[in-house]
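What the coordinates show
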Amino acid sequence: SVFQPQDFWADLLSPICTLAAASLLFLTFAGSRDMRFPWLLAGLACLTWAAADVFWAANSILLLADPAESTLIMLIYLLPNIFYALTAAFLLESQRKIWYRVQLIIDLLATSCIGLTLFWIVFLKSQFNSLFQLDLKNLIMFGYAFSDLFIIGCIIVWASSLNGRILSAAMRVYITGLLMYV
């Protein structure tokens, strides 16, 4: 589907590839001795992404509907962001001796909200009013953007608290993948 733009093959192959990725992440979770929780959450994120892809394919192929218009599919696609935000929060929790937890969470939430608002005003100024409309689609879009900023903030704070310690290759790959996802 990359060489010839055909949604049919992308709709079929995407869930299969995502399920394969989830399987590899669950195997890594089962085989790791330390920092297991991030691998579990990453596996759950891929699994929910695969579920969303299956719903997308069913809407597109079987129901002949536009899956991009489905609020349920958008909501399911938000779940991986939530799992990855939990992963980022877990990484911060692993450094709890260094940071005052409550202050750190408040700072991250405030910074994420300010960053999201600034982004919305600068790049989506014509749609600024839609930020305050409380329909489900706007809340989901806000959830995507907020969780992305939260993940980035958590990773930056976590990385700055490592104090020169060397990460394992697996954790470097995991963090790189998480940043690429965001």
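Structural notes, computed from the coordinates. Residue numbers here run from 1 along each chain, matching the order of that chain's written sequence. Under the rules for a predicted model, residues below a pLDDT of 70 receive no local features and side-chain atom pairs below 80 are neither given nor counted, while totals for whole chains, interfaces and linings still include all residues. With hydrogens and water set aside, each side-chain value is computed from the structure's full complement of heavy atoms.

**A few points about the packing of aromatic side chains**
To pair, rings of Phe, Tyr and Trp, with the six-membered ring standing in for Trp, must have centres within 6.5 Å; the planes then decide the type, stacked if under 30 degrees apart, edge-to-face if over 60, and tilted in the middle. For the structure on display, the rule yields six aromatic pairs. Centre to centre, the rings of Trp-49 and Tyr-181 are 6.1 Å apart; their planes meet at 80°, and the pair counts as edge-to-face. Residue Trp-49 is located in helix H2 (residues 36-62), and its partner Tyr-181 is located in helix H6 (residues 169-181); the two are separated by 132 residues in the primary sequence. In this scheme, a residue with accessible area under 20% of its type's maximum is buried, one over 50% is exposed, and one in between is partly exposed, where area comes from a 1.4 Å probe on protein chains only. A residue is classified by how much of its surface remains accessible, and Trp-49, at 30% relative accessible area, is partly exposed. Members of the aromatic cluster, each reached through a chain of ring pairs, are Trp-49, Trp-56, Tyr-77, Tyr-84 and Tyr-181. Above the ring of Phe-29, the side-chain terminus of Arg-36 is found at 4.3 Å from the ring centroid. A run of H or I in DSSP becomes a helix once it reaches four residues, and a run of E becomes a strand once it reaches two; helices and strands are each numbered from the N terminus. We call a charge positioned over a ring when the NZ of a Lys or the CZ of an Arg lies within 6 Å of the ring centre and within 35 degrees of the ring normal.

**Overview of H6**
Two residues of an α-helix separated by three or four positions point the same way, owing to the 3.6 residues in each turn. With 13 residues, H6 extends 18 Å between its outermost C-alpha atoms, agreeing within 8% with the 18 Å of an ideal straight helix rising 1.5 Å per residue. Listed in full, the buried residues belonging to H6 are Met-171, Tyr-174, Ile-175 and Leu-178. One face of H6 carries all of its buried residues, which in axial projection span an arc of 95°. Exposed residues lying more than 90 degrees from the buried face of H6 are Val-173 and Met-180. A contact between two residues is defined here by any heavy atoms of the two lying within 4.5 Å. Buried-residue contacts for H6 involve H2, helix H3 (71-93) and helix H5 (136-160). Multiply 1.5 Å by the residue count of a helix minus one, and that product is the helix's expected span. As used here, the arc belongs to the directions running from the helix axis to the C-beta atoms.

**A word on the nonpolar core**
To define a nonpolar core, start from buried Ala, Val, Leu, Ile, Met, Phe, Trp, Tyr and Cys residues and group those joined through side-chain atoms within 4.5 Å. Core analysis: the biggest nonpolar cluster contains 25 residues, and Tyr-84, Ile-151 and Tyr-174 have the highest contact counts within it. At the level of secondary structure, the elements contributing two or more residues to this core comprise helix H1 (7-31), H2, H3, H5 and H6. Setting aside residues no more than four positions away along its own chain, Ile-151 makes contact with Asn-81, Tyr-84, Ala-85, Ala-88, Leu-178 and Val-182. By size, the runner-up hydrophobic cluster in this structure holds eight residues, among which are Ala-52, Ile-73, Met-74 and Leu-78.

**Let's talk about unusual backbone geometry**
The residue Leu-64 is not glycine, and still its phi comes out positive at about 55°. If you trace the backbone, Leu-64 turns up in the loop between H2 and H3.

**Details of the packing of H3 against H6**
Note on method: axes are straight lines fitted to C-alpha atoms, helices fitted across the in-contact stretch only, with angles between N-to-C directions ranging 0 to 180 degrees. Relative orientation of the contacting elements H3 and H6 amounts to 135°, with a least axis distance of 12 Å. Here H3 is positioned oblique relative to H6, judged by the angle of their axes. When the axes of H3 and H6 are compared, the crossing they make is left-handed. Contacts from Tyr-77, Pro-80, Asn-81, Tyr-84, Thr-87 and Leu-91 in H3 reach Met-171, Tyr-174, Ile-175, Leu-178 and Tyr-181 in H6. For this classification, under 35 degrees means roughly parallel, over 145 means roughly antiparallel, 65 to 115 means roughly perpendicular, and everything else is oblique. Handedness of a helix crossing follows the sense of rotation of the near helix relative to the far helix, less than a right angle counterclockwise being left-handed and clockwise being right-handed.

Nothing here speaks to function; it is geometry throughout.
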